[in-house]
Amino acid sequence: MPQIKSAMKRVKTAQSATLRNASQKSSMRSAIKNFETSAANNADNKEDMFRTAVRAIDMAKAKGLIKANKAARDKSRLAKLN
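Keep in mind the model is a prediction, meaning the values are calculated, not measured. Think of each chain on its own: its residues are numbered from 1, step by step along the sequence as written. Residues qualify for local features only when their pLDDT is at least 70, as the model is predicted, and side-chain atom pairs are given and counted only at 80 or more; totals for whole chains, interfaces and linings, by contrast, use all residues. Side-chain metrics rest on all non-hydrogen atoms present in the structure, leaving aside hydrogens and water.

A few points about helix 1 (residues 5–40)
The line we're drawing: Strands here are runs of E lasting at least two residues and helices are runs of H or I lasting at least four, both read from the DSSP assignment and numbered beginning at the N terminus. Expected span, for any helix, means 1.5 Å times one less than how many residues it has. A 1.4 Å probe rolled over the protein chains alone gives each residue an accessible area, and that area as a share of the maximum for its type sets the label: buried under 20%, exposed over 50%, partly exposed in between. Contact definition: two residues touch when any of their heavy atoms are within 4.5 Å.
Here helix 1 is 36 residues long and its end C-alpha atoms lie 53 Å apart, about the 52 Å a rise of 1.5 Å per residue gives. Taken as a whole, helix 1 has its buried residues at Met28, Ala31, Ile32, Phe35, Ser38 and Ala39. Those residues of helix 1 hidden inside the fold are in contact with helix 2 (46–63) and helix 3 (68–81). In the stretch just after helix 1, Asn42 is the one whose phi turns positive, near 50 degrees.

Concerning the pattern of salt bridges
Using the following cut-off: The working definition used for a salt bridge is a side-chain nitrogen of Lys or Arg within 4 Å of a carboxyl oxygen of Asp or Glu.
According to the stated counting rule, one finds five salt bridges in the structure shown. Between Glu36 and Arg77 there is a salt bridge whose closest N-O contact spans 2.6 Å. In this pair, Glu36 is assigned in helix 1 and Arg77 in helix 3, connecting sequence segments 41 residues apart. The exposure class of Glu36 is partly exposed, given its relative accessible area of 28%. Owing to a relative accessible area of 37%, Arg77 belongs among the partly exposed residues under this scheme. Here Asp48 makes a salt bridge to Arg51, at a shortest N to O gap of 3.2 Å.

Put into structure tokens, the structure is as follows:
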């Protein structure tokens, strides 16, 4: 554990950022998975699920959780299913 006050604060903020990032990444993955299952079942809400998944990918890209190339690749892959 660090002894310097600013280093202690950095440890705390890094932990909270890690939790927040993990949560947002998990919700993005869940949105993608929900769309993939609805696309496989030809559900009525497929379009809404697609928009939700693309929005989640865009938000993760904007936050810096995923790189721009991965965001484009994921959106392209989902568009093929749509």
